[in-house]
Each structure stands twice: as C-alpha cells, then as structure tokens.
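# Remarks on the overall topology
Residues per chain are reported as follows:
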Amino acid sequence: EPATLLADVTITVTAGPTREPLDPVRFISNHSSGKMGYALAHAALMLGAKVNLISGPVNIEPPQGVNLVSVESAIQMRDAALKLAGSSDIFIGCAAVADYRVAQVAEQKIKKQGDEMTITMIKNPDIIAEVAGLTKNRPYTVGFAAETQNVEQYAKGKLKNKNLDMICANDVSNQALGFNSNNNALTLFWHDDSVELGIADKQALAMNVLLEIAKRLDF
Ligand code: C5P
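Computed from a predicted model, the values in this text were never measured in an experiment.

Rules used throughout
- Residues numbered from 1 in each chain as written.
- Predicted model: local features only at pLDDT ≥ 70, side-chain atom pairs only at ≥ 80, totals over all residues.
- Heavy atoms only, no water.
- Salt bridge = Lys/Arg side-chain N within 4 Å of Asp/Glu carboxyl O.
- Buried < 20%, exposed > 50% of the residue type's maximum accessible area, 1.4 Å probe, protein only.
- Helix = DSSP H or I, 4+ residues; strand = E, 2+ residues; numbered from the N terminus.
- Near = heavy atom within 4 Å.
- Polar contact = N/O pair within 3.5 Å; in protein donor to acceptor, adjacent residues only side chain to side chain.
- Areas by Shrake-Rupley, 256 points an atom, 1.4 Å probe, with all protein chains shown as cover.
- Nonpolar A, V, L, I, M, F, W, Y, C, P; charged D, E, K, R; others polar.
- UniProt positions renumbered as here; feature names shortened; annotations may be inferred.
- Contact = heavy atoms within 4.5 Å.
- Expected span 1.5 Å × (residues − 1).
- Pairing = 2+ DSSP bridges.
- Axes fitted to C-alpha atoms, helices over the stretch in contact; angles between N-to-C directions.

## A word on the pattern of salt bridges
- Under the definition given, this model contains 11 salt bridges.
- Residues Arg26 and Asp23 are paired through a salt bridge, measuring 2.5 Å at the closest nitrogen-oxygen approach.
- Note on Arg26: relative accessible area 34%, which makes it partly exposed.
- A relative accessible area of 4% means that Asp23 is categorised as buried.
- Residue Glu130 is joined to Arg78 by a salt bridge in which the shortest nitrogen-to-oxygen separation is 3.3 Å. Of this pair, Glu130 sits in helix H3 (residues 127-132) while Arg78 sits in helix H2 (residues 74-85), and the two are 52 residues apart along the sequence.
- Here Glu130 falls in the partly exposed class, since its relative accessible area comes to 29%.

Encoded structure:
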C-alpha cells in the first residue's frame, strides 16, 4: 500500500475497554482486548497518517509513532476524544465503552456488608455520538457494532441514531471471532452502501477498513 495515501490526514482511534471505579481498589470493566483498535492505529500509520490512539487499559504495545493517550474511565475517554476530535479528519470509535458508571464512587474502600449489596449505576455519555454531533470541524466518524443477532438491522440503527458516516459490524455470536480473537469478519455499512470483509486477521481487516474510508474522503 502507498505510505502516502493518508499523508496529511489525522486519525483518532479509541480502543480497548473502559474501567468504571467503585472505590479506590475496585472497578467494573469488560473483556475488550484492544486488538482491533491497535490494528487500526497501526494500519493508519502505515498509510502515512498522523494517529492519536485513545486507549483504555490493555496489554498491547502501542505502535511506534502513535500519539498514545492512556485513559481508564469512559468520562476520561470522552474528555480526550473531544479534545482531539476537532483537529482530526477521521474519528474511529473502536473502544468497548462501559454503558454505565457507578453513581457514587466511594472515597474509601467499601467494607464487606450483609449478604446482598446494591450498586446504583448511571448512563455514560455516548462518546462517538458526541463526536458525530460536533457542528464545527466534525471528523468523518466511524463506529463499530458488535452484535449477536440481527447484525445488519442493529448496525444500521446505530449508524443512523449516532449520526455516523460509517459503521463496521461484526457478529460476536461466533466464538472464534471478535473480542479476544486475532481474527474477525466485518460488514461495513454506509447510509447508501455496504461492503463485506470476510474472515481475516485484524491487521488485514484494519487496512481494508482504512482503504474503504480513504475512498470516500474528498481531499
Ligand atoms: O451502542 P453501542 O455501544 O453498541 O455502539 C458501539 C459504538 O459506539 C462503538 O463505536 C463504540 O466505540 C461507541 N460507543 C461510544 N461511547 C459509548 C458507547 C459506545 O463511543 N458510551
């Protein structure tokens, strides 16, 4: 691939899980490995882009040359995303952002209590929807949708409701693919088009996702 296809293009990618704290020693999180987001960041660098990688806690080395912004919670990820979105040409939301956070984070370690305990959680902001909603310097905004059924219907719903330009959908009911796997299969949806990317390793898929985005950008 030409290393200049995305020269002069700034891409911001979110990757990995978020951690939602309960108290100073505990959090709620998910199994996102960050592999797909890091693969996208790597592929963007290969194509000559300037890359911001906003990452939750993962066990992957950041690709050389990336501007890594390490965050933990969804609120921290949102703040970093909004800081960088306006100066980005492309924003790709690949992070598995926790839908809810703990309403009252305890300042001290929560002590063991009775046989039951209740935690009240409140909705986190939808980071990619906020980026796609920017009225000034809005980047080309690309989301991901992990679905276990009705993949096309749910992915297209998110494309529309979040006001995205493109969404990459994957069927996570297939145990061999998705989350922690090195392989994946994606269907890309735009408002008026779709493309199937068959099973491949995440690095190859990431490159194809970026080539599809590049085709649709006007420089
Ligand atoms: O609605 P759902 O979580 O399935 O949407 C997934 C897409 O939205 C992904 O691109 C994900 O990174 C993004 N997202 C986000 N902020 C949230 C929830 C999801 O940016 N709070």
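Now that the structure is up, let's keep going.
## Some words on the site of the ligand
- Taken together, the neighbourhood of the ligand is formed by Gly93, Cys94, Ala95, Val97, Pro125, Asp126, Ile127, Ile128, Gly143, Phe144, Lys158 and Lys162.
- Within the backbone of Phe144, one N or O atom sits 2.9 Å away from an oxygen atom of the ligand.
- Relative to its free-state accessible area of 440 Å², the ligand is covered by the protein chains to the extent of 83%.
- Taken together, the residues of the shell around the ligand break down into 7 nonpolar, 2 polar and 3 charged.

## Some thoughts on the UniProt feature "binding site: CTP" (unreviewed entry) in the protein chain
- UniProt's entry tags Gly93, Cys94, Ala95, Asp99, Lys109, Pro125, Asp126, Ile127, Ile128, Phe144, Lys158 and Lys162 with the feature "binding site: CTP" (unreviewed entry), counted in the numbering of this structure. The named residues occupy 70 residues along the chain; their greatest pairwise C-alpha distance, 37.7 Å, places them well apart from one another.
- Aside from chain neighbours lying at most four places away, what touches Pro125 is Ile75, Arg78, Arg101 and Glu130.
- Considering the arrangement of structural elements, one finds Phe144 in strand S9 (residues 140-147).
- Residue Phe144 is classed as partly exposed on the basis of its relative accessible area of 21%.
- Excluding residues within four positions of it along the chain, Phe144 makes contact with Met36, Leu40, Ile92, Gly93, Cys94, Ile167, Cys168 and Leu186.

## Remarks on helix H5 (residues 202-215)
- Between the first and last C-alpha of H5 there are 20 Å, a value that for 14 residues agrees with the 20 Å anticipated at 1.5 Å per step.
- The buried count for H5 comes to 10 of 14 residues, which makes it a mostly enclosed element.
- By the burial criterion, the buried members of H5 are Lys202, Leu205, Ala206, Met207, Val209, Leu210, Leu211, Glu212, Ile213 and Ala214.
- Residue Asp201 occupies the N-cap position of H5, its side-chain oxygen lying 3.1 Å from the main-chain nitrogen of Gln203.

## Comments concerning the sheet that holds strand S10 (residues 166-171)
- Pairing is mixed in the open sheet, where 8 strands are placed in the order S5-S4-S1-S6-S9-S10-S11-S12. The open sheet is flanked by strand S5 (67-70) and strand S12 (193-201), the only strands paired with a single partner. Sheet twist, expressed as the average angle between the axes of neighbouring strands with direction ignored, equals 15°.
- Direction of pairing for strand S1 (residues 10-15) relative to strand S4 (residues 50-55): parallel, over a ladder of 6 bridges. Across the sheet, the residue bridging to Thr14 is Ile54, located in S4.
- Packing against the sheet, helix H1 (residues 35-46) makes contact with S1, S4, S5, strand S6 (90-93), S9 and strand S11 (183-190), and its axis sits at approximately 170° to S4.

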